[in-house]
Structure formats: C-alpha cells, structure tokens
Amino acid sequence: RDRLNRHWKELAEMNYYKSLDHRGLTWRTIDKRATSTRTLLAEIKDRATNGGKESNQSFTARKEKAKEEHGSFYEITMGNSLCHDLDLNGLPLPHPTIFTPHMSFKYENNSWVQRDAYRILSFALERGTTSPADKDRCHRLWRDLLGPLFGIPLSWMQKPAVAYQESTAAPSDIEHPAVVSNGEDNSHDEDEESDEEDLGKNVVTEELRNSRRNNDKSNLMDHHPLPAGTLVSTLYGEGSVVRFRMSDKCYEIDLPFGKGYMNPKAVLCSVQRTEQSAYTNQLRADDNTSLEREDDFLCFGTQSLYLFFRLHQILIRRLNIAKRIAYKVNDDATLATLVEQMQSDPNEDIGRKRYETYLSLVYMLVDGGHNDAGGKYEDRVRYLLGHGGYELATMDKLISHILKNLQSIAHDEVMMNLVALFRRHFEKGFRPESFKQEVAYLSEGDNMFAFQLCHIPSSDNKVLHIEFLGVVYENDDHSQNLVEHEPGPQPKRVRVR
C-alpha cells in the first residue's frame, strides 16, 4: 500500500495542473470541426441566404451541440459566447451600393502580428515537402496580392535572404556600399556609350573565365547586369534601373524619393511589371465609382482564397491570444507556482521574452521537433502560458490547412488571372463596378467571393468584410458594346448579378 501510495502521489502531482485544463481535453475535436472546409463554406452560404445573419436553424443546431459538449447549463453560464457577429458600430463599412458584407472579421495589432504570421507560414513552407516550383508560386502570391493587402513590404519579406547573403559573402564582395542620393549625380558622370563599350569588352566565355580564374580572379565579371528599365526590388524599396556603370560596377536606379547608386548586392531581385489590358482600361474609362477611403483594399477570389482568409484570421487571433497571455501570466498570482518562471535582466521585457519563447515552440512544432527532451508541444505551452492557452494546442493543424489552401490558390489559373487584375486596379486606383464586371468575365462560372479590407482610423486594427457572390454574371448590352472594340477573346454574354 505504501508503495502504491507513493506511485499515485507522483502521478497526481504530475497531472494535477493538466487536469485544470478542462477545455484542452476536447479542444482538438472542437477545433477540427470548426475549421473544416465544410463548416466554413456552410457558414457563409447560410449567411448569404439570410442577408448576412445566421439562420435560426443553424443557431439552434450550434446551441444544442454546445450543450452536449459543455452541459445543460451552458446556455445560462456561457450563452453570450454563441454570438459570432462582429459589432460594426464605429467601424468602417464598405459602400452599400457595391458591397453587402455577409461576414466581417477584425485584424488586431497588424504592425507586428502580420509579420509574425508571415514568418511562421514561410518557415513552414520552406521546411515542408513542397516542391521548389510551388514555393515560387506561393512567394509570387505573397508578393502580388497578400503582401499589399496585409501591409507587408517586399523588401521586408526578402530581409532573411539578404542577411544570409551578407553572412556568406566573401570580404572582397562587400567593397561598394549602397549609396542613395537625392537625384544629383556629382561623382560619376560617365557616358552611357562608354558603359556599353565596357560591357561589350567584358563578354564572358568559358575560355576567358578559365584564363581569368587562373590569372586574376578579381578581374572576372561575375555579375550579369540587368537591362535599363527593369523594375527591381532593393533595400530601399522598388525602383527602375537606369543603367549599370561598369567603371565601379554600380547600378543607377530611380527610386520613389530620388536617384540611388547601389552595389549589385543591394538589388534584391527583379520585379515583374503589371500586365496591362485594353479591356480593363476600357471598363475603367466608363466607371466613375470608387472606394470611400483611399487606404481600403478590394479584391475578388475563389473558394480557396475565402478559406485562406478565414484560416489566416484565426492564426492572427491566436497569436494575439498568445502575446496577451504572455504578458498577463507574470502578474497572475494563481499561476505563480504552476507556470515556468522566466529568468531575465531587470530591464528586460519578460512578457516579450515569454512570447518569443512560444514562437520558438511553434517553429519546433512545424519543423517536427515537438517530441524532444522538453516534452510535447501541448505540455510545453501549458507550462509556459498556463491552461488559458488551450486554443494554441492545434497550431500545427491550422498552419497545415493554411498552406494547403495557399498552394491551391497558386495552382488555380482563374485565381492567377484575378491576381493580375487586382494588381492593375491596385496601381491605378480601385474601380469597384468595372472590377466586378471583369471578374465575371474571368471567373468562368466559378463561385466568387468579394473581400474589402478597411483600416480602422487611429488604431492598429483592420476589418475584413466578406461577401459571397456565387456565380457572377456580366451585363448583356454593356458586354456587347465592349466586344466591338476589344480584340482577341470576347467575354461571355451573360447577366449582371
């Protein structure tokens, strides 16, 4: 009896804190059902049928399911949690004549949480079994659509590649630092003709490469200059190449704030220019509608884009939960003996250190190292943030679902055409009516969704409005008029929704 008592006492002490996490026992099952494709699609279709409100039948079914999971008193003790509608009072709304939101979600603390989410997703994409071609497609999707929407600049997304390049560069490769001027060129005024002559003299052949490698490696031109007019991404933003000076192997680049003279190492990559369309220009010429706020974004997409936005918003919300708990757990006296105590300097932010420790656990989880000597991921999160972080237990499944839909978008030809259309409107200003009409032409009969992202004034938050459009149709008469002027493939003659 004494031996059994000692054994059970050890087990009780080991599992006591875990027993307090009553939501964690059933959370995986609940979250799997809530984030499934079937549930997310049924939810917005139900709201679209009822004018943006949840039907009584759907609400009753969800309430009965909650009673089965939490008990008969759930409606009395936690009945308010059944309401999922966002209070839109005081929030920016889309224009009522061009957008009727069926669903709205809030993105909080966008200045840091969007970048943390991008780091996690990009790390999971690189460490996964995705092919290089799919990785490139997903990167282009972030560059052309998701980055501008979420306020993530291309230069920031490429910072890890720049850091790696600098860490592996030889000392001789870092001779000319990037210099940015205000447009005045005082030091290097060589003629373009002399540069072209120098470039012609330095055509590299295999024989020349071998001879120079043996004689003088420093004279070997190991960089192939980009032609004038190429749009590039640099450490200082996007710009256009003016010329490449062979005298000092330096690019002259037109930037939004002036002219820059940069070492090739400061030029991150070339950027594909937006493909122009005569059909888009003609539709825009006849459209006088516009968004009410200049910083709003409007885009259209297929089912995969809708699923990505829903799952991505859940990821953003859970990262906000993790950081909020990381700062609160240090002041909670009831958790003082149950959570891991962080050692830090007097001036160090303990909450930030705890949150960054959680992010490292997520990276380990994505990388497949969650069963190391530190214990399972769920146990480590519980010891780090307390039992209030039960929603974070399924981060691996959530990230996997997001990447699945991201790759589905990248492989969808209709979606790629819509991304190109978004870029055309993003550069020249959104014209909602012409935007929607060309979406009808490009959608090829697929169910479409409309998304409008609005910045909440005087805050770091945004609100995303979603509308389920179904199959979008074009106007017969207007389409027929455009066919007479538009060469090439003609749009389908169908109705406006």
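Residues numbered from 1 in each chain as written. Predicted model: local features only at pLDDT ≥ 70, side-chain atom pairs only at ≥ 80, totals over all residues. Heavy atoms only, no water.

**Student:** How would you sum up the packing of helix α6 (residues 110-127) against helix α13 (residues 303-328)? Please name residues and give values.
**Tutor:** In contact at an axis separation of 10 Å, α6 and α13 are set at 110 degrees when each is read in the N-to-C sense. Looking at the two axes, α6 sits roughly perpendicular to α13. Here α6 and α13 pass one another in a crossing that is right-handed. Packed against α6, whose contacting residues are Trp-112, Val-113, Gln-114, Asp-116, Ala-117, Ile-120 and Leu-121, the element α13 presents His-312, Leu-315, Ile-316, Leu-319, Asn-320 and Lys-323 at the interface. (Axes fitted to C-alpha atoms, helices over the stretch in contact; angles between N-to-C directions. Helix = DSSP H or I, 4+ residues; strand = E, 2+ residues; numbered from the N terminus. Parallel < 35°, antiparallel > 145°, perpendicular 65-115°, else oblique. Left-handed = near helix turned anticlockwise from the far one by under 90°. Contact = heavy atoms within 4.5 Å.)

**Student:** Which residues make up the nonpolar core, and what are the values?
**Tutor:** Core analysis: the largest hydrophobic core is formed by 88 residues, its most contacted members being Trp-142, Leu-145, Tyr-306, Phe-309 and Tyr-358. No other element matches the 14 residues that α13 contributes to this core. Once residues within four sequence positions are removed from consideration, Leu-145 is found in contact with Cys-299, Leu-305, Met-415, Val-419 and Phe-422. (Core = buried A, V, L, I, M, F, W, Y, C linked by side-chain atoms within 4.5 Å. Buried < 20%, exposed > 50% of the residue type's maximum accessible area, 1.4 Å probe, protein only.)

**Student:** Before we move on, could you go through the confidence of the model for the protein and cite the residues and values that matter?
**Tutor:** Residues at a pLDDT of 70 or more form 77% of the protein, whose mean pLDDT is 79. When the criterion is pLDDT under 50, residues 186-209 qualifies, and its contacts beyond four places in sequence or with other chains add up to 26 contacts. Low pLDDT (under 50) marks residues 212-221, which in the prediction has 14 contacts with non-local residues, meaning those over four places away or in another chain. (pLDDT = per-residue confidence, 0-100.)

**Student:** Can you break down the packing of aromatic side chains residue by residue, with the values?
**Tutor:** In total, this model carries 21 aromatic pairs according to the counting rule given. Consider the rings of Tyr-107 and Phe-150, whose centres lie 5.8 Å apart with planes at 55 degrees: the pair is tilted. One end of the pair, Tyr-107, is in strand β1 (residues 103-107); the other, Phe-150, is in helix α7 (residues 132-150), with 43 residues separating them in the sequence. For the pair formed by Tyr-107 and Phe-150, the shared burial category is buried. Centre to centre, the rings of Trp-112 and Tyr-355 are 5.7 Å apart; their planes meet at 80 degrees, and the pair counts as edge-to-face. Within this pair, whereas Trp-112 is found in helix α6, its partner Tyr-355 is found in helix α14 (residues 350-366), the two being separated by 243 residues in sequence. Of the aromatic side chains, those joined through ring pairs into one cluster are Tyr-107, Tyr-118, Trp-142, Phe-150, Trp-156, Phe-308, Phe-309 and Phe-451. Over the aromatic face of Trp-112 sits the side chain of Lys-323, whose NZ or CZ is 4.0 Å from the ring centroid. Lys-323 extends its terminal NZ or CZ atom over the ring of Tyr-355, reaching a point 5.5 Å from the ring centre. (Phe/Tyr/Trp six-rings, centres within 6.5 Å; stacked < 30°, edge-to-face > 60°. Lys NZ or Arg CZ within 6 Å of the ring centre and 35° of its normal.)

**Student:** Describe the sheet that holds strand β8 (residues 297-301), with residues and values.
**Tutor:** Read across the sheet, four strands follow the order β1-β10-β9-β8 without closing on themselves; strand pairing throughout is antiparallel. The sheet is open, and its two edges are formed by β1 and β8, each paired on a single side. Adjacent strand axes in the sheet meet at a mean angle of 20 degrees, parallel and antiparallel pairs treated alike. Summarising the sheet, β8 and strand β9 (residues 447-455) pair through five bridges and their orientation is antiparallel. (Pairing = 2+ DSSP bridges.)

**Student:** Help me get a handle on the side chain of Thr-35, residues and values and all.
**Tutor:** Take Thr-35: it is sitting in the loop between α2 (27-34) and α3 (37-49). Judged by its relative accessible area of 9%, Thr-35 falls in the buried class. Setting aside anything within four residues of it in sequence, one finds Thr-35 in contact with Leu-40, Leu-311, Ile-314 and His-401.

**Student:** Please give an account of empty space enclosed by the protein that cites residues and values.
**Tutor:** Taken as a whole and assessed by the stated rule, the structure comprises one cavity of 30 Å³ or more. Here the largest cavity defines a volume of roughly 40 Å³. Around the largest cavity sit Leu-149, Phe-150, Phe-297, Cys-299, Phe-309, Phe-451, Gln-452, Leu-453 and Leu-464, which together line it. Elements that contribute at least two residues to the lining of the largest cavity include exactly α7, β8 and β9. With three residues, the top contributor of residues to the lining of the largest cavity is β9. Here the lining of the largest cavity is composed, by residue class, of eight nonpolar, one polar and no charged. (1 Å grid on protein atoms, 1.4 Å probe; cavity = no way out; pocket = protein on both sides within 12 Å on 5 of 7 lines; lining within 4 Å. Points joined across faces, edges and corners; volume = space filled by probe spheres on them. Nonpolar A, V, L, I, M, F, W, Y, C, P; charged D, E, K, R; others polar.)

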